[in-house]
Amino acid sequence: MTFYEDMSPYSYWDGGDCFTDRTTGYRFLTFEPAYERLNVGWLSDDQAWTGGAVPKAFVESLTAVLDVQAVNVMLGLHECELCPPLDMSSYEPLPGRQRSSVGTGEIRIPSRPGIAFAAPALIGHYVVDHGYRPPAPFIDAVLAFDPMHFSSARYPWVHFPWVPEDAVLEEVQ
Ligand SMILES: [Zn+2]
């Protein structure tokens, strides 16, 4: 997986942010973000990362976001490079792990106005299974973000506050 330094500007995909409806799996909302995206949690096996304890409430809140958001899933699978090589057919956690070593897509966490963190879905695995400690601003933003409270008025399945009027809805059946 591509490595990006924590807090660096997001550049993985320049086609906007695409949110998948996880309740159906076939609705997609794409828009050009008016917010700046900062990378967090794009770990690689050949780059240093920060370990350490994180608040239990942070893990719970992060898990809640991972349960309802799916951003840019069309960019494919991410495989954890910190785990042993995987049988890619399995989404089940490896023995002794809490979360799968394979993830699809990303999440968006609103921070201060105009800033959102862009993290791979694997960040949950990195935190609970490898002891990764994200930067403090990310932890604070996750703790402050209740994805079920922040839903788009027009698209209630998009659990993110900053959806512009000109967002494009696609439905694939
Ligand atoms: Zn892993």
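Everything that follows concerns the structure shown earlier in this document.
The model shown is predicted, which means the values in this text are computed figures rather than measured ones.

Criteria and thresholds
Residues numbered from 1 in each chain as written. Predicted model: local features only at pLDDT ≥ 70, side-chain atom pairs only at ≥ 80, totals over all residues. Heavy atoms only, no water. Helix = DSSP H or I, 4+ residues; strand = E, 2+ residues; numbered from the N terminus. Buried < 20%, exposed > 50% of the residue type's maximum accessible area, 1.4 Å probe, protein only. Contact = heavy atoms within 4.5 Å. Donors = N, O, S within 2.8 Å, 3.2 Å for Na, K, Ca; no water. Tetrahedral: all angles 85-135°; square planar, octahedral: opposite > 155°, others 65-115°. Pairing = 2+ DSSP bridges. Axes fitted to C-alpha atoms, helices over the stretch in contact; angles between N-to-C directions. Salt bridge = Lys/Arg side-chain N within 4 Å of Asp/Glu carboxyl O.

Novice: I would appreciate a short explanation of the environment of Phe138 in the present structure.
Specialist: Take Phe138: it is sitting in helix H3 (residues 136–144). Classification of Phe138 as buried rests on a relative accessible area of 0%. When sequence neighbours within four positions are dropped, the list of residues in contact with Phe138 reads Val40, Phe58, Leu62, Ile109, Phe117, Ala119 and Ile123.

Novice: Where do I start with the coordination of the zinc ion in this structure?
Specialist: In a perfect tetrahedron of four donors around a metal, the angles come out at 109.5 degrees. In a perfect octahedron of six, they are 90 or 180 degrees. The zinc ion binds to the protein through Cys80 (SG), Cys83 (SG), His125 (NE2) and His130 (NE2); the donor distances cover 2.0 to 2.2 Å. Coordination at the zinc ion comes from four donor atoms whose angles at the metal span 100 to 123°, giving a geometry best classed as tetrahedral. Each donor residue of the zinc ion belongs to the same chain, and together they define the spacing C-x2-C-x41-H-x4-H. Here His125 matches His130 in class, with each residue buried.

Novice: Hey, could you run me through the sheet that holds strand S3 (residues 36–39) in this one?
Specialist: Strand pairing in a sheet relies on backbone hydrogen bonds. The paired strands run either parallel or antiparallel. Judged by pairing direction, the sheet is mixed, and its three strands sit side by side in the order S3-S7-S6 without closing on themselves. With one partner strand each, in any of the chains shown, S3 and strand S6 (106–110) form the two edges of the open sheet. Adjacent strand axes in the sheet meet at a mean angle of 30° when their direction is disregarded. Relative to strand S7 (residues 115–120), S3 runs parallel, the two sharing four bridges. Bridge pairing in S7 links Glu36 to Ile115.

Novice: Help me out: how do you make sense of the pairing of strand S2 (residues 27–31) in this one?
Specialist: Consecutive residues of a regular strand have side chains that alternate between opposite faces of the sheet. Bridge count for strand S1 (residues 17–20) against S2 is four bridges, and the pairing is antiparallel. Residue pairing for S2: Thr20 is matched across the bridge by Phe28. Taking the residues between adjacent antiparallel strands as the criterion, S1 and S2 are bridged by six residues, where Gly25 takes a positive phi near 80°. Bridge analysis of S2 against strand S8 (residues 168–171) gives four bridges, and the strand direction is antiparallel. Paired with Arg27 across the two strands is Glu171, which belongs to S8.

Novice: Can you help me understand the pattern of salt bridges in this one?
Specialist: Enumeration over the complete set of coordinates arrives at six salt bridges. Close ionic contact of Arg37 with Asp17 constitutes a salt bridge, the shortest N to O distance being 2.6 Å. One end of the pair, Arg37, is in strand S3; the other, Asp17, is in strand S1, and 20 residues separate them in sequence. The exposure class of Arg37 is buried, given its relative accessible area of 12%. Owing to a relative accessible area of 0%, Asp17 belongs among the buried residues under this scheme. A salt bridge links Glu106 to Arg108, with the shortest nitrogen-to-oxygen separation between them at 2.8 Å.

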